[in-house]
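Report on the structure
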Amino acid sequence: MDILTVLPSSFGYAIFTYLYSWIMLGYLGVKVGVARKKYDVKYPTMYSDKEQVFNCIQRAHQNTLEVYAQWLVFQTIAALVYPLSASVLGAIWVTSRFSYAWGYYTGDPAKRMYGAYGYIGYFGVIFLSISVALQLLGVF
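Residues numbered from 1 in each chain as written. Predicted model: local features only at pLDDT ≥ 70, side-chain atom pairs only at ≥ 80, totals over all residues. Heavy atoms only, no water.

Labelled according to an unreviewed UniProt entry, the protein appears under the name Glutathione S-transferase 3, mitochondrial, originating from Liparis tanakae. We quote the UniProt Subcellular location (unreviewed entry) comment for the protein here in full: "Mitochondrion outer membrane". For the record of the protein, the UniProt heading Sequence similarities (unreviewed entry) holds the text "Belongs to the MAPEG family." (UniProt positions renumbered as here; feature names shortened; annotations may be inferred.)

This is the structure:
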């Protein structure tokens, strides 16, 4: 069985969404590395007692990692049946993580909410995944 015959042809969009998320995670990680040098926060220290901005940069990355695995699962389930919709929702979520981080990087944690629109993408793929589950169970 060839995977290209099993997956919907537009699943390629979902793959590009995964690549976009990989770029986003790399960007956030590099920002933490640069901030470690700038604020002299040595490994394995996670947070600084002195540098609030470093903590905000670290939290932007850490919080993204905390939800990333769940997003990947729901993104994948949704994309298997609704590849284009899932890709659009996924791109919204990934883009929102940049907005979230840039707001957080100001040192004012309240500005992280600039990325709140990402819940559209996050909950969107969860709802699509529920739809897939219900279809598989024959509910509709």
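There is more to say after this.
For the rest of this paragraph, the subject is the environment of Ser 131. Tracing the chain through its elements places Ser 131 in helix α5 (residues 118-136). Sequence separation between Ser 131 and Ala 78 is 53 residues; the distance between their C-alpha atoms is 8.3 Å. Sequence-distant contacts of Ser 131, defined by excluding residues within four places in its chain, comprise Tyr 82 and Phe 140. (Helix = DSSP H or I, 4+ residues; strand = E, 2+ residues; numbered from the N terminus. Contact = heavy atoms within 4.5 Å.)

Within this model, the largest pocket holds a volume of roughly 220 Å³. Lining of the largest pocket is provided by 13 residues; of these, Asn 63, Arg 97, Tyr 100, Gly 115 and Tyr 119 occupy positions nearest its centre. Elements with a minimum of two residues in the lining of the largest pocket: α3 (52-81), α4 (83-104) and α5. By residue number, the principal contributor to the lining of the largest pocket is α4, which donates four residues. Taken together, the residues of the lining of the largest pocket break down into seven nonpolar, four polar and two charged. (1 Å grid on protein atoms, 1.4 Å probe; cavity = no way out; pocket = protein on both sides within 12 Å on 5 of 7 lines; lining within 4 Å. Points joined across faces, edges and corners; volume = space filled by probe spheres on them. Nonpolar A, V, L, I, M, F, W, Y, C, P; charged D, E, K, R; others polar.)

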